[in-house]
Amino acid sequence: MSPDMLLRLFIPSLALASLITLSACAGGSLPAFAVTRYVDGSTPGGVDCSGNYSIANRNCTGSNGSSFNTLQEAMSASSPGDITLIRAGTYLGINTNRQTLNNGTPGNPITYKAYNNETVELCFMNITDSGIGGPKSYLIFDTIRLTCRSDGPQLSVGNTGPYSTGTHHITFLNMTVANGGAIGCVQWGTASHHLTMTGGSVFSCGYPVNGSAPVSGEVSYNFYVGGEDQILENLEVYDCALY
């Protein structure tokens, strides 16, 4: 049996503190003004398409709605109930210390989803309680890969602090999270609550950035989960550097 197989672990269900249901983030009817838009980083000239985006051609020659060239533009424009469908490609990471990420509302989350299960790569997500606009809430990220960062956690949500100041009600569906550098892949801060991660995989975390041997006494992990009312379920977790 290979070392990779020895380190492979399947988590059918792990609930931290009391359980919540996905309906808290996914239920309810969409508001009348909800918009479905696209993000496509490959449109010629890096232009946005206003009502004339073409799904087939990935340019502004169609009638499939509007598109942005960058995810940041979509994040800034989104309102509760909106859905952003992201086309295949590699995009800059999300860092709410520097970028606007609008909040959804109960029953009307804002959703960011890979279009038609295409391969969408973000370098990382850093969703903080104290960034632009304060704590984030009622968001869904679906079928997105976080695998190209090597100097820190790929998926970091929340900070330390009191429960009332924490980021909350964010759902991660069918995510792939890997290659998290020397300090692991997933970090959820102690102030965060009602975060859900279901489906997908987390692997190859905790390796030193420069490929050198681990430093004695260091601690590595795939997950570091603080906070309350968090759910991890149906995840494939494997290949963590145990040091």
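Conventions and cut-offs
- Residues numbered from 1 in each chain as written.
- Predicted model: local features only at pLDDT ≥ 70, side-chain atom pairs only at ≥ 80, totals over all residues.
- Heavy atoms only, no water.
- Helix = DSSP H or I, 4+ residues; strand = E, 2+ residues; numbered from the N terminus.
- Buried < 20%, exposed > 50% of the residue type's maximum accessible area, 1.4 Å probe, protein only.
- Contact = heavy atoms within 4.5 Å.
- Salt bridge = Lys/Arg side-chain N within 4 Å of Asp/Glu carboxyl O.
- Pairing = 2+ DSSP bridges.
- Polar contact = N/O pair within 3.5 Å; in protein donor to acceptor, adjacent residues only side chain to side chain.
- Disulfide = S-S within 2.5 Å.
- Phe/Tyr/Trp six-rings, centres within 6.5 Å; stacked < 30°, edge-to-face > 60°.

(A) Spatial organisation of the overall build of the chain. Each helix and strand counted, the chain has three helices and 17 strands in total. In the chain, buried positions account for 51% of the 243 residues. Partitioning the contacts of the chain with sequence separation of at least 6, the portion at a separation of at least 24 is 80%.

(B) How the structure looks around the pattern of salt bridges. Counting across every chain of the model gives five salt bridges. As a salt-bridge pair, Asp 82 and Arg 37 come within 3.3 Å of each other at their nearest N and O atoms. Pair noted here: Asp 82 is in the loop between helix 3 (71-77) and strand 4 (83-86) and Arg 37 is in strand 2 (residues 36-39), with a separation of 45 residues, a long-range link. A relative accessible area of 2% means that Asp 82 is categorised as buried. Since its relative accessible area comes to 9%, Arg 37 is described here as buried. Here Asp 142 ties to Lys 113 by a salt bridge, and the two come within 3.1 Å at their closest N and O atoms. Here the residue Asp 142 occupies a position in strand 10 (residues 137-142), and Lys 113 occupies one in strand 7 (residues 110-114), the gap between them amounting to 29 residues. Here Asp 142 falls in the buried class, since its relative accessible area comes to 9%. Among the residues examined, Lys 113 registers a relative accessible area of 27% and is labelled partly exposed.

(C) Up close: the sheet that holds strand 16 (residues 223-225). An order of 6-9-12-14-16 is seen for the five strands of this open sheet, with the pairing classed as parallel. Edge positions in the sheet fall to strand 6 (94-95) and strand 16, since each has one partner strand and no second. Relative to strand 14 (residues 186-188), strand 12 (residues 155-157) runs parallel, the two being bridged by three bridges. Directly across from Leu 155, in strand 14, lies its bridge partner Val 186.

(D) Summary view of the environment of Thr 128. Relative to the helices and strands, Thr 128 is located in the loop between strand 9 (125-127) and strand 10. Through-space distance from the C-alpha of Thr 128 to that of Asn 95 is 7.9 Å; in sequence the pair is 33 residues apart. Beyond its immediate sequence surroundings of up to four residues, Thr 128 is in contact with Thr 96, Asn 97, Gly 134, Pro 135, Lys 136, Gly 158, Asn 159 and Thr 167. A distance of 3.0 Å separates the side chain of Thr 128 from the backbone nitrogen of Gly 131, its partner in a polar contact.

(E) Molecular detail of the state of the cysteines. Summed over the entire model, instances satisfying the criterion amount to one disulfide. Residue pairing for Cys 49: its cysteine sulfur links by disulfide to Cys 60, the two sulfurs lying 2.0 Å apart. Handedness of the Cys 49-Cys 60 disulfide follows from its S-S torsion of about -80 degrees: it is left-handed. You can see Cys 49 sitting in the loop between strand 2 and strand 3 (67-68) and its partner Cys 60 sitting in the loop between strand 2 and strand 3, a full eleven residues away along the chain.

(F) Broad picture of the environment of Leu 195. Relative to the assigned elements, Leu 195 resides in strand 15 (residues 193-205). For Leu 195 and Leu 232, which are 37 residues apart along the polypeptide, the C-alpha to C-alpha distance reads 8.6 Å. Ignoring sequence-local partners within four residues, the contact set of Leu 195 consists of Val 157, Thr 167, His 168, His 169, Ile 170, Trp 188, Asp 229, Gln 230 and Ile 231.

(G) Fine view of the packing of aromatic side chains. Within the structure shown, the criterion is met by six aromatic pairs. Relative to Tyr 115, the ring of Tyr 38 has its centre 6.1 Å away and its plane inclined at 65 degrees; by these criteria the two rings are edge-to-face. Placement of Tyr 38 in strand 2 and of Tyr 115 in the loop between strand 7 and strand 8 (120-122) is noted, with a sequence separation of 77 residues between them. Take Tyr 38 and Tyr 115: they sit in the same class, and that class is buried. Between Tyr 112 and Phe 141 the ring centres are 5.5 Å apart and the planes differ by 15 degrees, which places this aromatic pair in the stacked class. Pair noted here: Tyr 112 is in strand 7 and Phe 141 is in strand 10, with a separation of 29 residues, a long-range link. The same class applies to Tyr 112 as to Phe 141, namely buried.

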